[in-house]
Amino acid sequence: MSYGLKPTIRERVLHTHWKACVEAIRDRFPALSPRLAAIVLGYAVDGRLPPAWDTEEIARKIGIPPGNFSELMPEIHRIVEKAAEKPPVNLPSTKAGSSGHRRWALALALVTLSLTGVVLADQNGAFQDGKSLGSSVNQSAFSGINSGAASDKIPGYGTNPSETQFFQGGQGQLSGPGVAKMQNCATATPDSDPIKRQECEAVNFLARNPQIRPQFNITKNDPMILAAKHARDNAEEFFKSLGINGGTGSGSQCTTRVETTPAQYSTETCSSFKEVNEQQCTMGRLVNIDTDSNFQCDQTINAYETLKCRRSSNITCTGGGDGCDRGGIIPNSWAGDMATSWFPSGGGNYILQFGTIADNYWRDGVYDRTLTFTISDLNLITVFALTRVSFDDWLLVQVNGTTVYVGPKGGDRLLIYQPAPVFESNNFNICQEVYNKHGNWACASIGAWYGENGSFDYYESCTKVSGGWNCIPYDSRTGMVQYCSNCFGYAELKTSWNFNLNIDLRPYLRNGSNTIFTRTIVGGSGENAIQITTRQKCPLQCSISTQNGCASLEARAQ
């Protein structure tokens, strides 16, 4: 149904005047966005009633009861008919066979030629008038530019925004405040002040822009790629087309150059080893007995004697026990993104402190910090225990990936809860932003969007993915602190906690590099610092002395 629009008007709207009619509706009702004005125009053209939430939003912005939406149509018809009667914005085509189009182009050319002389005649005078006007107000305009004038005309000029607190000398964490700002702006009621309203409008635009920005798929056969390849393969002709002399002639800007790479020399050596085989020989006397010799066997001329002597070594050691410096950690091997200190605590114990014990130097957010250190010999360590935590509001401590402490309420994790996304397929459904009392996004079948039977599923947000959308459902626990599978709490506990502990960390240590990770969740203001008590075995200091009781026999053997 056309609802009163003439067939010729309806055809103009659909084919040549759609944009002009949308702008005419917005001129009459400035509060309507382009999307809402297009919905009103669609209803006026084909009578298809928009979804209820769009109807309510349009009625609210125009200032009529939602039930009287159809009564608005007579006025809309008058606006559309008036806009459609005007010539289209784009000039008509001049293809052969269209006499009406040719007449339009001819008329336009005649008007243009008739005005050319006037424009050229007045051009120089207009330039001189504009130059004189600019010179006359130049000095007064410059003198009016100062900080006082700027503060009167620019809201907030000269004042620091509240977000400067997140800088913290370049050490601040921006992820937490950034997520909080996105969440607040996604659900906040627009500020009545148009200047203040720009902040959330900019945040919402950046957060949603990746999903609504047109996507392009450029293949290797795209005309742009093919044209670039053609220019590369035909460089000489391409340069000539630009008026640049190409080729290899005498006047060419392209030259041939021969480069010679010098010879490269290297010196290499090898070694040839001669194998030495083991040889044997016999030591001692060799006696040859024959019948011509006179042997006297009862007379000893030379004899062997067996004697004993003693050489000894004495080893003397000092030291040992435990209670020495650095608790097994290699000196100066620790590195972290918070203040790190090392100091004795008495009785042979030493304290490794990570963080600063102070009050409220962080603001709302999640603060992840890491400390690394190196252990040369784990067997030397006799004590390595988490003995103190000081934080506000929540704290998690991990050693080499193992959770050793969650406070103040215990648990096995520490995070800001977000519900799992729900996948909505695009086979038969459509998801789009609605921002009404039911939710920010809605997903339903195509028919349901056009008034047919069907239900809508509402979500906090949706992200376009392959094959559909990933949508975040509404959950009252969203943004709360989760510290076990079904344990939740608010970030702000309004308490600075200080606990003395005795958690043995040695089972989680290893030789080489070690990592201690802390996560602090702060509601309002907060801080975090931990202390680890260490102790190691003391090394032995030994010396060796030698006693030689064989000196006299060694002298006889010379």
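Residues numbered from 1 in each chain as written. Predicted model: local features only at pLDDT ≥ 70, side-chain atom pairs only at ≥ 80, totals over all residues. Heavy atoms only, no water.

S.K.: Help me understand helix H2 (residues 18-28) in this model?
M.R.: In an α-helix, one full turn covers 3.6 residues, which means residues spaced three or four apart are oriented alike. Along H2, the positions that sit buried rather than exposed are Cys21, Val22, Ala24 and Ile25. Along the axis of H2, the buried positions cluster into a sector of 160°, meaning they face one direction only. Opposite the buried face of H2, at more than 90 degrees from it, the exposed residues are Lys19 and Asp27. In this fold, the buried residues of H2 make contact with helix H1 (7-15), helix H3 (34-46) and helix H5 (73-85). (Buried < 20%, exposed > 50% of the residue type's maximum accessible area, 1.4 Å probe, protein only. Helix = DSSP H or I, 4+ residues; strand = E, 2+ residues; numbered from the N terminus. Arc of directions from axis to C-beta. Contact = heavy atoms within 4.5 Å.)

S.K.: Sorry if this is basic, but what is going on with the sheet that holds strand S11 (residues 422-425) here?
M.R.: Sheet strands pair via backbone hydrogen bonds, and the direction of the pair is either parallel or antiparallel. Pairing is antiparallel in the open sheet, where 3 strands are placed in the order S11-S16-S15. Each end of this open sheet is capped by a strand with a single partner; those strands are S11 and strand S15 (461-465). Adjacent strand axes in the sheet meet at a mean angle of 30° when their direction is disregarded. (Pairing = 2+ DSSP bridges. Axes fitted to C-alpha atoms, helices over the stretch in contact; angles between N-to-C directions.)

S.K.: So what exactly am I meant to see when it comes to the state of the cysteines here?
M.R.: Note on terminology: a disulfide is the covalent bond linking the sulfur atoms of two cysteines. In the structure shown here, the tally under the stated rule is 5 disulfides. Disulfide partner of cysteine 309: cysteine 550, at an S-S distance of 1.8 Å. Measuring the twist about the S-S bond at about 100°, one finds the cysteine 309-cysteine 550 disulfide to be right-handed. Taken together, the positions of cysteine 309 in the loop between helix H11 (235-241) and strand S1 (311-319) and cysteine 550 in the loop between strand S21 (540-548) and helix H13 (551-556) put the pair 241 residues apart, joining distant regions of the chain. Using a relative accessible area of 3% as the deciding quantity, one classes cysteine 550 as buried. Note that cysteine 431 is cross-linked by a disulfide to cysteine 443, the S-S spacing being 1.9 Å. What sets the handedness of the cysteine 431 and cysteine 443 disulfide is the S-S torsion sign, and at about 120° it is right-handed. Here the residue cysteine 431 occupies a position in strand S12 (residues 429-436), and cysteine 443 occupies one in strand S13 (residues 439-445), the gap between them amounting to 12 residues. (Disulfide = S-S within 2.5 Å.)

S.K.: Explain the pairing of strand S9 (residues 402-407) to me, please; I cannot follow it from the model alone.
M.R.: Looking along a regular strand, one sees side chains alternate from face to face of the sheet. Bridge count between strand S8 (residues 394-399) and S9: 5 bridges; the pairing is antiparallel. Bridging across to S9, valine 397 finds its partner in tyrosine 405. Linking S8 to S9, which pair antiparallel, is a turn of 2 residues; within it asparagine 400 sits at a positive phi near 50°.

S.K.: Looking at this structure, I do not really get the packing of H1 against H5. What am I missing?
M.R.: When two helices pack together, their arrangement is given by the angle between the helix axes and by the axis-to-axis distance. Between H1 and H5, whose axes approach to 10 Å, the crossing angle comes to 75°. The angle between H1 and H5 places the two elements in the roughly perpendicular class. In this structure, H1 contributes Ile9, Arg12 and Val13 to the contact, and H5 contributes Val80, Glu81, Ala84 and Glu85. Split into classes, the residues belonging to the contact of H1 with H5 amount to 4 nonpolar, no polar and 3 charged. (Parallel < 35°, antiparallel > 145°, perpendicular 65-115°, else oblique. Nonpolar A, V, L, I, M, F, W, Y, C, P; charged D, E, K, R; others polar.)

S.K.: Looking at this structure, how should I read the confidence of the model for the chain?
M.R.: Detailed reading of the predicted coordinates is not advisable wherever pLDDT falls low. Of all residues in the chain, 76% attain a pLDDT of 70 or more, and the chain-wide mean is 78. This stretch, residues 90-122, has a pLDDT under 50; its non-local contacts, to residues over four places away or in other chains, come to 11 contacts. (pLDDT = per-residue confidence, 0-100.)

S.K.: Sorry if this is basic, but what is going on with the side chain of histidine 17 here?
M.R.: Along the polypeptide, histidine 17 turns up in the loop between H1 and H2. Beyond its immediate stretch of four places on either side in the chain, histidine 17 contacts Arg12, Ala83, Ala84, Lys86, Pro87 and Pro88.

S.K.: Sorry if this is basic, but what is going on with a nonpolar patch on the surface here?
M.R.: Side chains of Phe216, Ile218 and Met224 sit close together on the surface and give an oily, nonpolar patch of about 380 Å² of accessible area. Considering the arrangement of structural elements, one finds isoleucine 218 in the loop between helix H9 (194-212) and helix H10 (223-233). Relative accessible area serves as the criterion here: at 51%, isoleucine 218 is assigned to the exposed category. (Patch = residues over 30% accessible without salt bridge, like charges linked within 9 Å, V, L, I, M, F, W, Y side chains within 5 Å. Areas by Shrake-Rupley, 256 points an atom, 1.4 Å probe, with all protein chains shown as cover. Salt bridge = Lys/Arg side-chain N within 4 Å of Asp/Glu carboxyl O.)

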